Amino acid sequence: MASPHPRQFTVPGVRRHLGNLTDRDIRVWRLLAATVIAAELALPPALLIKQTMPYAIVAGIAMHTAFICLKPRQLITFSGLTLGTYFAFAA
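A brief look at the structure comes next. Worth saying up front: this structure is predicted, and the values here are computed from it rather than measured.

What follows covers the overall build of the protein chain. Within the protein chain one finds 3 helices and 0 strands. Counting helices and strands in the order they occur from the N terminus, the protein chain gives α-α-α. Considering only contacts in the protein chain between residues 6 or more positions apart, those separated by 24 or more positions represent 30%. Counting only carbon and sulfur atoms, one obtains 70% of the accessible surface of the protein chain, whose full area is about 7100 Å².

Turning our eyes to something else, we now look at the packing of helix α1 (residues 23–48) against helix α2 (residues 53–70). Where α1 meets α2, the axes come as close as 9 Å, and the angle between the chain directions of the two elements is 140°. The element α1 and its partner α2 pack so that their crossing is left-handed. Only Met53, Ala56, Ile57, Ala59, Gly60, Met63, His64 and Phe67 of α2 make contact with α1, whose side of the interface consists of Val36, Ala39, Glu40, Leu43, Ala46 and Leu47. For the contact of α1 with α2, the class distribution of residues is 11 nonpolar, 2 polar and 1 charged.

Attention now moves to the side chain of His64. Inspection of the secondary structure puts His64 in helix α2. Within the local environment of His64, its side chain forms a polar contact with the side chain of Glu40, the two groups lying 3.4 Å apart. Beyond its immediate sequence surroundings of up to four residues, His64 is in contact with Glu40, Phe78, Ser79, Thr82, Leu83 and Tyr86.

The rules behind each value
- Residues numbered from 1 in each chain as written.
- Predicted model: local features only at pLDDT ≥ 70, side-chain atom pairs only at ≥ 80, totals over all residues.
- Heavy atoms only, no water.
- Helix = DSSP H or I, 4+ residues; strand = E, 2+ residues; numbered from the N terminus.
- Contact = heavy atoms within 4.5 Å.
- Areas by Shrake-Rupley, 256 points an atom, 1.4 Å probe, with all protein chains shown as cover.
- Axes fitted to C-alpha atoms, helices over the stretch in contact; angles between N-to-C directions.
- Left-handed = near helix turned anticlockwise from the far one by under 90°.
- Nonpolar A, V, L, I, M, F, W, Y, C, P; charged D, E, K, R; others polar.
- Polar contact = N/O pair within 3.5 Å; in protein donor to acceptor, adjacent residues only side chain to side chain.

The quantities given are spatial measurements derived from coordinates; they are silent on function.
Put into structure tokens, the structure is as follows:
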């Protein structure tokens, strides 16, 4: 399936002279990616600690809901199942 905007790239991994991303866009993208990775690493231990569990549940639900909004077709199964596990922790 062809992109509706063939000369626009949203992933900074493409060569810069082919895309329309500025250096600032790439820095923001990398910072956001690092933040999400850090959150994914921090959430499982936070779910095991009683004091941080409610916050970890809310953060996990918000993060995986955002994933569904960003790439619904590719991530609906993964994020849907993950959301179910957060609700199981809440019960």
